[in-house]
Amino acid sequence: MILLDGKKTSEAIQSEIAAEVVKIKEQGGKAPHLAAILVGHDGGSMTYVNNKVLACERVGFDSTLLHYETDITEEELLNKIREINEDANIDGLIVQLPLPKHINPNMVLEVMDYKKDVDGFHPVNVGRMVAGLPAYLPATPYGIMQLLERYNIDTFGKHCVVVGRSNIVGTPISILMSKCTNPGEATVTICHRNTVNLAHHTRQADILIVAVGKPGLITEDMVKEGAVVIDVGTTRVPDATRERGWRLRGDVDFEKVAPKCSYITPVPGGVGPLTIAMLLKNTLRAAKKEVHS
Ligand code: GUN
(Lines give C-alpha, C1' and ligand atoms only; values in the text may rest on other atoms or scores of the structure.)
Protein backbone atom coordinates (compact mmCIF):
# COMPACT_ATOMS: atom_id res chain seq x y z
CA MET A 1 0.00 0.00 0.00
CA ILE A 2 1.34 3.41 -1.01
CA LEU A 3 0.10 6.62 0.61
CA LEU A 4 -0.72 9.38 -1.86
CA ASP A 5 1.01 12.30 -0.15
CA GLY A 6 -1.01 15.41 -0.97
CA LYS A 7 1.11 17.66 1.21
CA LYS A 8 4.34 16.75 -0.56
CA THR A 9 2.70 16.96 -3.99
CA SER A 10 1.16 20.33 -3.14
CA GLU A 11 4.54 21.67 -2.02
CA ALA A 12 6.16 20.46 -5.24
CA ILE A 13 3.50 22.18 -7.36
CA GLN A 14 3.79 25.39 -5.35
CA SER A 15 7.59 25.37 -5.80
CA GLU A 16 7.13 25.01 -9.56
CA ILE A 17 4.66 27.94 -9.56
CA ALA A 18 7.00 30.10 -7.42
CA ALA A 19 9.87 29.42 -9.86
CA GLU A 20 7.67 30.51 -12.79
CA VAL A 21 6.69 33.71 -11.00
CA VAL A 22 10.37 34.54 -10.45
CA LYS A 23 10.92 34.07 -14.19
CA ILE A 24 7.93 36.25 -15.11
CA LYS A 25 9.17 39.04 -12.85
CA GLU A 26 12.75 38.76 -14.19
CA GLN A 27 11.36 39.26 -17.67
CA GLY A 28 9.61 42.45 -16.52
CA GLY A 29 6.14 40.91 -16.22
CA LYS A 30 3.73 41.51 -13.37
CA ALA A 31 2.93 39.05 -10.61
CA PRO A 32 -0.31 37.08 -11.00
CA HIS A 33 -3.03 38.68 -8.87
CA LEU A 34 -5.87 36.79 -7.13
CA ALA A 35 -8.85 38.56 -5.58
CA ALA A 36 -10.88 36.66 -2.99
CA ILE A 37 -14.33 37.71 -1.78
CA LEU A 38 -15.52 36.52 1.62
CA VAL A 39 -18.97 37.34 3.00
CA GLY A 40 -19.68 36.92 6.69
CA HIS A 41 -17.74 35.28 9.51
CA ASP A 42 -18.03 31.51 9.09
CA GLY A 43 -14.98 30.01 10.82
CA GLY A 44 -14.20 27.41 8.17
CA SER A 45 -14.56 29.88 5.28
CA MET A 46 -12.36 32.48 7.00
CA THR A 47 -9.63 29.86 7.51
CA TYR A 48 -9.84 28.68 3.89
CA VAL A 49 -9.69 32.21 2.46
CA ASN A 50 -6.84 33.24 4.75
CA ASN A 51 -4.91 30.15 3.70
CA LYS A 52 -5.47 31.01 0.04
CA VAL A 53 -4.16 34.55 0.60
CA LEU A 54 -1.13 33.26 2.51
CA ALA A 55 -0.42 30.76 -0.28
CA CYS A 56 -0.45 33.63 -2.79
CA GLU A 57 2.25 35.40 -0.77
CA ARG A 58 4.32 32.21 -0.58
CA VAL A 59 4.52 31.83 -4.36
CA GLY A 60 5.00 35.54 -5.07
CA PHE A 61 1.46 36.41 -6.26
CA ASP A 62 -0.36 39.61 -5.39
CA SER A 63 -3.65 39.11 -3.60
CA THR A 64 -6.62 41.21 -2.52
CA LEU A 65 -9.02 40.01 0.15
CA LEU A 66 -12.41 41.70 0.07
CA HIS A 67 -14.33 40.89 3.27
CA TYR A 68 -17.98 41.97 3.54
CA GLU A 69 -20.52 41.77 6.33
CA THR A 70 -23.30 39.19 6.09
CA ASP A 71 -25.87 41.93 5.36
CA ILE A 72 -24.26 43.06 2.08
CA THR A 73 -27.06 43.05 -0.53
CA GLU A 74 -26.91 40.85 -3.59
CA GLU A 75 -26.80 43.92 -5.84
CA GLU A 76 -23.88 45.45 -3.88
CA LEU A 77 -21.95 42.19 -4.18
CA LEU A 78 -22.71 41.85 -7.90
CA ASN A 79 -21.48 45.43 -8.45
CA LYS A 80 -18.23 44.61 -6.64
CA ILE A 81 -17.75 41.64 -8.95
CA ARG A 82 -18.46 43.83 -11.98
CA GLU A 83 -15.73 46.23 -10.78
CA ILE A 84 -13.23 43.38 -10.47
CA ASN A 85 -14.21 42.12 -13.93
CA GLU A 86 -13.08 45.50 -15.30
CA ASP A 87 -9.88 45.72 -13.23
CA ALA A 88 -7.05 44.78 -15.61
CA ASN A 89 -4.70 44.37 -12.65
CA ILE A 90 -6.66 41.38 -11.27
CA ASP A 91 -6.23 38.03 -13.06
CA GLY A 92 -8.35 35.69 -10.97
CA LEU A 93 -11.40 36.00 -8.72
CA ILE A 94 -12.93 33.59 -6.24
CA VAL A 95 -16.07 34.11 -4.17
CA GLN A 96 -15.87 31.80 -1.17
CA LEU A 97 -18.91 29.56 -0.79
CA PRO A 98 -21.30 29.11 0.91
CA LEU A 99 -22.88 32.58 0.68
CA PRO A 100 -25.65 33.91 2.98
CA LYS A 101 -29.13 32.73 1.96
CA HIS A 102 -30.24 36.09 0.49
CA ILE A 103 -27.49 35.90 -2.17
CA ASN A 104 -28.02 33.55 -5.11
CA PRO A 105 -24.67 31.84 -5.84
CA ASN A 106 -25.72 31.24 -9.45
CA MET A 107 -26.18 35.00 -9.97
CA VAL A 108 -22.67 35.54 -8.59
CA LEU A 109 -21.26 33.00 -11.03
CA GLU A 110 -23.17 34.37 -14.00
CA VAL A 111 -21.96 37.94 -13.35
CA MET A 112 -18.32 36.94 -12.92
CA ASP A 113 -16.08 37.23 -15.98
CA TYR A 114 -15.46 33.57 -16.87
CA LYS A 115 -11.91 34.51 -17.90
CA LYS A 116 -11.22 35.31 -14.22
CA ASP A 117 -13.17 32.34 -12.78
CA VAL A 118 -10.18 30.46 -11.37
CA ASP A 119 -12.50 28.20 -9.32
CA GLY A 120 -13.78 26.83 -12.64
CA PHE A 121 -17.42 27.07 -11.48
CA HIS A 122 -18.77 29.40 -14.22
CA PRO A 123 -21.03 27.61 -16.73
CA VAL A 124 -18.66 28.58 -19.57
CA ASN A 125 -15.73 26.84 -17.85
CA VAL A 126 -17.88 23.82 -16.94
CA GLY A 127 -19.08 23.58 -20.55
CA ARG A 128 -15.59 23.94 -21.95
CA MET A 129 -14.32 21.20 -19.62
CA VAL A 130 -17.10 18.86 -20.76
CA ALA A 131 -16.32 19.66 -24.40
CA GLY A 132 -12.62 18.96 -23.82
CA LEU A 133 -11.65 22.59 -24.53
CA PRO A 134 -9.09 24.52 -22.46
CA ALA A 135 -10.81 25.54 -19.20
CA TYR A 136 -10.05 26.27 -15.58
CA LEU A 137 -10.64 22.97 -13.80
CA PRO A 138 -12.15 23.10 -10.31
CA ALA A 139 -9.41 22.76 -7.70
CA THR A 140 -10.36 19.42 -6.13
CA PRO A 141 -10.80 17.37 -9.33
CA TYR A 142 -7.70 19.08 -10.77
CA GLY A 143 -5.79 18.04 -7.63
CA ILE A 144 -6.97 14.44 -7.93
CA MET A 145 -5.79 14.35 -11.57
CA GLN A 146 -2.40 15.68 -10.45
CA LEU A 147 -2.06 12.96 -7.80
CA LEU A 148 -2.90 10.23 -10.32
CA GLU A 149 -0.46 11.73 -12.85
CA ARG A 150 2.44 12.35 -10.49
CA TYR A 151 2.20 8.86 -8.94
CA ASN A 152 1.98 7.34 -12.45
CA ILE A 153 -1.25 5.53 -11.66
CA ASP A 154 -2.61 3.70 -14.70
CA THR A 155 -6.22 4.73 -15.38
CA PHE A 156 -6.47 3.48 -18.98
CA GLY A 157 -9.54 1.25 -19.36
CA LYS A 158 -9.93 0.97 -15.59
CA HIS A 159 -13.30 1.07 -13.85
CA CYS A 160 -13.55 4.30 -11.87
CA VAL A 161 -16.44 4.54 -9.42
CA VAL A 162 -17.26 8.03 -8.15
CA VAL A 163 -19.45 8.35 -5.06
CA GLY A 164 -21.09 11.80 -4.89
CA ARG A 165 -22.30 14.02 -7.73
CA SER A 166 -21.63 17.57 -6.51
CA ASN A 167 -20.84 20.34 -8.99
CA ILE A 168 -17.54 20.94 -7.18
CA VAL A 169 -16.14 17.37 -7.10
CA GLY A 170 -18.22 14.34 -8.13
CA THR A 171 -19.58 15.56 -11.45
CA PRO A 172 -16.36 17.17 -12.79
CA ILE A 173 -14.06 14.30 -11.73
CA SER A 174 -16.39 11.79 -13.42
CA ILE A 175 -16.14 13.77 -16.65
CA LEU A 176 -12.35 14.17 -16.44
CA MET A 177 -11.76 10.48 -15.72
CA SER A 178 -13.78 9.48 -18.79
CA LYS A 179 -11.91 11.82 -21.16
CA CYS A 180 -9.48 10.77 -23.83
CA THR A 181 -6.52 12.04 -21.77
CA ASN A 182 -3.89 10.69 -19.40
CA PRO A 183 -5.02 10.35 -16.62
CA GLY A 184 -8.39 9.45 -18.08
CA GLU A 185 -9.73 6.80 -20.48
CA ALA A 186 -11.55 5.16 -17.55
CA THR A 187 -15.00 3.59 -17.57
CA VAL A 188 -16.89 5.69 -15.05
CA THR A 189 -19.83 4.91 -12.76
CA ILE A 190 -21.41 7.70 -10.71
CA CYS A 191 -23.14 6.74 -7.45
CA HIS A 192 -25.26 9.03 -5.27
CA ARG A 193 -27.73 9.04 -2.38
CA ASN A 194 -30.33 7.10 -4.39
CA THR A 195 -27.98 4.43 -5.69
CA VAL A 196 -29.35 0.97 -4.89
CA ASN A 197 -26.72 -1.31 -3.27
CA LEU A 198 -23.80 1.12 -3.16
CA ALA A 199 -21.41 -1.63 -2.01
CA HIS A 200 -22.14 -3.65 -5.16
CA HIS A 201 -20.82 -0.74 -7.25
CA THR A 202 -17.88 0.29 -5.07
CA ARG A 203 -16.62 -3.31 -5.02
CA GLN A 204 -16.23 -3.15 -8.82
CA ALA A 205 -13.93 -0.13 -8.61
CA ASP A 206 -10.32 -0.26 -9.72
CA ILE A 207 -10.27 3.43 -8.77
CA LEU A 208 -12.72 4.58 -6.09
CA ILE A 209 -13.25 8.33 -5.60
CA VAL A 210 -15.48 9.29 -2.67
CA ALA A 211 -16.76 12.84 -2.17
CA VAL A 212 -19.84 12.71 0.01
CA GLY A 213 -19.06 14.15 3.45
CA LYS A 214 -20.21 11.13 5.47
CA PRO A 215 -17.37 10.01 7.78
CA GLY A 216 -16.58 6.30 7.49
CA LEU A 217 -19.19 5.64 4.74
CA ILE A 218 -16.82 3.32 2.85
CA THR A 219 -16.02 0.21 4.88
CA GLU A 220 -13.57 -2.63 4.27
CA ASP A 221 -16.15 -4.92 2.64
CA MET A 222 -16.94 -2.24 0.02
CA VAL A 223 -13.46 -2.11 -1.50
CA LYS A 224 -11.79 -4.50 -3.94
CA GLU A 225 -8.31 -5.84 -3.12
CA GLY A 226 -5.68 -3.67 -4.84
CA ALA A 227 -7.98 -0.70 -5.51
CA VAL A 228 -6.81 2.92 -5.70
CA VAL A 229 -8.87 4.90 -3.17
CA ILE A 230 -9.19 8.68 -3.24
CA ASP A 231 -11.00 10.11 -0.20
CA VAL A 232 -12.25 13.67 -0.65
CA GLY A 233 -14.28 13.78 2.58
CA THR A 234 -13.12 16.21 5.27
CA THR A 235 -15.70 16.34 8.05
CA ARG A 236 -14.94 17.82 11.45
CA VAL A 237 -15.74 15.23 14.14
CA PRO A 238 -15.54 15.82 17.91
CA ASP A 239 -12.21 14.75 19.44
CA ALA A 240 -11.66 15.51 23.11
CA THR A 241 -7.96 14.52 22.88
CA ARG A 242 -7.29 17.54 20.62
CA GLU A 243 -6.96 21.01 22.08
CA ARG A 244 -9.31 22.46 19.43
CA GLY A 245 -11.88 19.74 20.23
CA TRP A 246 -12.18 18.23 16.73
CA ARG A 247 -10.30 16.39 14.02
CA LEU A 248 -10.89 15.81 10.32
CA ARG A 249 -12.33 12.50 9.16
CA GLY A 250 -12.68 11.21 5.63
CA ASP A 251 -15.50 9.28 3.97
CA VAL A 252 -13.38 6.11 4.05
CA ASP A 253 -12.70 3.95 7.13
CA PHE A 254 -8.96 4.43 6.58
CA GLU A 255 -7.61 2.00 9.21
CA LYS A 256 -9.53 -0.97 7.82
CA VAL A 257 -9.54 -0.08 4.13
CA ALA A 258 -5.91 1.02 3.66
CA PRO A 259 -4.34 -2.48 3.94
CA LYS A 260 -6.45 -3.63 0.94
CA CYS A 261 -5.42 -0.76 -1.33
CA SER A 262 -2.61 -0.33 -3.84
CA TYR A 263 -2.79 3.44 -3.23
CA ILE A 264 -4.86 5.53 -0.83
CA THR A 265 -5.09 9.18 0.23
CA PRO A 266 -4.95 9.90 3.97
CA VAL A 267 -7.26 12.46 5.63
CA PRO A 268 -5.92 14.95 6.39
CA GLY A 269 -2.91 15.26 4.07
CA GLY A 270 -4.40 13.72 0.91
CA VAL A 271 -6.53 15.66 -1.53
CA GLY A 272 -7.05 18.65 0.82
CA PRO A 273 -3.60 20.29 0.50
CA LEU A 274 -3.78 20.08 -3.30
CA THR A 275 -6.80 22.34 -3.63
CA ILE A 276 -4.83 25.48 -2.80
CA ALA A 277 -1.99 24.48 -5.13
CA MET A 278 -4.46 24.01 -7.99
CA LEU A 279 -6.14 27.36 -7.32
CA LEU A 280 -2.70 28.95 -7.60
CA LYS A 281 -2.07 27.01 -10.81
CA ASN A 282 -5.35 28.32 -12.30
CA THR A 283 -4.42 31.87 -11.27
CA LEU A 284 -1.04 31.51 -12.97
CA ARG A 285 -2.78 30.20 -16.09
CA ALA A 286 -5.15 33.20 -15.92
CA ALA A 287 -2.23 35.64 -15.70
CA LYS A 288 -0.53 33.94 -18.65
CA LYS A 289 -3.82 33.94 -20.62
CA GLU A 290 -3.23 30.24 -21.24
CA VAL A 291 -6.87 29.21 -21.02
CA HIS A 292 -8.82 32.11 -22.52
CA SER A 293 -7.12 34.56 -24.85
N1 GUN B 1 -16.24 26.33 -0.70
C2 GUN B 1 -15.87 25.02 -0.63
N3 GUN B 1 -14.99 24.72 -1.60
C4 GUN B 1 -14.80 25.86 -2.32
C5 GUN B 1 -14.00 26.19 -3.43
O6 GUN B 1 -13.29 25.37 -4.01
N7 GUN B 1 -14.06 27.48 -3.85
C8 GUN B 1 -14.86 28.39 -3.26
N9 GUN B 1 -14.87 29.64 -3.75
N10 GUN B 1 -15.62 28.14 -2.21
C11 GUN B 1 -15.58 26.87 -1.74
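See the structure shown above.
Counting restarts for each chain, with residues numbered from 1 along the sequence as it is written. Selection of residues for local features in this predicted model requires a pLDDT of at least 70, selection of side-chain atom pairs for listing and counting requires 80 or more, and totals for whole chains, interfaces and linings are taken over all residues. The side-chain values count all of the structure's non-hydrogen atoms but skip hydrogen atoms and water molecules.

**As for the site of the ligand**
Rule in force here: We call a residue near a molecule or strand as soon as one heavy atom of that residue lies within 4 Å of the molecule or strand. The definition of a polar contact used here is a pair of N or O atoms within 3.5 Å, where within protein one atom must be able to donate a hydrogen and the other to accept one, and adjacent residues in sequence count solely through side-chain atom pairs. For every accessible area listed, the method is Shrake-Rupley and the probe measures 1.4 Å; residues are considered covered only by the protein chains on display. Gly is put with the polar residues, along with every residue not named as nonpolar or charged; the nonpolar set is Ala, Val, Leu, Ile, Met, Phe, Trp, Tyr, Cys and Pro, and the charged set is Asp, Glu, Lys and Arg.
Taken together, the neighbourhood of the ligand is formed by K52, V95, Q96, L97, D119 and F121. Between a nitrogen atom of the ligand and a side-chain N or O atom of Q96, the distance comes to 3.4 Å. Against a free-state accessible area of 280 Å², the protein chains account for coverage of 76% of the ligand. By residue class, the composition of the shell around the ligand is 3 nonpolar, 1 polar and 2 charged.

**Remarks on empty space enclosed by the protein**
Taking a probe equal in size to a water molecule and rolling it over the atoms shows the remaining empty space. Applied cut-off: Here a cavity means grid points, on a 1 Å grid over the protein atoms only, where a 1.4 Å probe fits yet cannot get out; a pocket means an open set of points with protein on both sides within 12 Å along at least five of seven lines; lining residues are those with an atom within 4 Å of a point. Grid points are joined across faces, edges and corners, and a volume is the space filled by probe spheres set on the points. Strands here are runs of E lasting at least two residues and helices are runs of H or I lasting at least four, both read from the DSSP assignment and numbered beginning at the N terminus.
Enumeration according to the criterion identifies 1 cavity of 30 Å³ or more in this entry. Empty space within the largest cavity amounts to approximately 70 Å³. Every residue along the wall of the largest cavity is listed here: L93, I94, V95, L97, L99, P105, V108, L109, M112, D117, D119 and F121. Taken together, the elements giving at least two residues each to the lining of the largest cavity come down to β4 (92-95) and α4 (105-111).

**Here's the deal with the environment of P100**
Stated precisely, the cut-off is as follows: Any two residues whose heavy atoms approach within 4.5 Å are treated as being in contact.
Inspection of the secondary structure puts P100 in the loop between β4 and α4. Between the C-alpha atom of P100 and that of A240, which follows or precedes it by 140 residues, the distance is 31 Å. In this structure, P100 is in contact with V39 and T70, ignoring residues within four places of it in sequence.

**A few points about the environment of Y263**
To be explicit about the condition: Burial classes follow relative accessibility: with a 1.4 Å probe on protein chains only, a residue under 20% of its type's maximum area counts as buried, one over 50% as exposed, and anything between as partly exposed.
Looking at the element boundaries, Y263 is found in strand β11 (residues 263-264). Given the relative accessible area of 19%, Y263 is considered buried. In this structure the C-alpha to C-alpha distance between Y263 and G226, which are 37 residues apart in sequence, comes to 7.8 Å. Once residues lying within four places of it in the same chain are set aside, the contact partners of Y263 are I2, L4, Y151, I153, A227, V228 and V229.

**Digging into the sheet that holds strand β3 (residues 62-68)**
The condition is simple: Between any two strands, pairing holds if DSSP finds at least two bridges. Helix axes are fitted to C-alpha atoms over the stretch in contact, other axes to C-alpha atoms as well, and angles between N-to-C directions run from 0 to 180 degrees.
Reading across the sheet, the 3 strands line up as β3-β2-β4 and stay open at both edges, with parallel pairing between neighbours. Looking at the sheet topology across the chains shown, the edges are occupied by β3 and β4. Mean inter-strand twist for the sheet, computed between neighbouring axes without regard to direction, equals 15°. Summarising the sheet, strand β2 (residues 33-39) and β4 pair through 4 bridges and their orientation is parallel. Among the inter-strand pairings, A35 is bridged to a residue of β4, identified as L93. Where helix α2 (residues 43-59) meets the sheet, its contacts fall on β2, β3 and β4, and the angle it forms with β3 comes to roughly 160°. In the packing of helix α3 (residues 74-86) onto the sheet, contacts are made with β2, β3 and β4, and the angle to β2 comes to roughly 180°.

That's the geometry; what it means functionally is another story.
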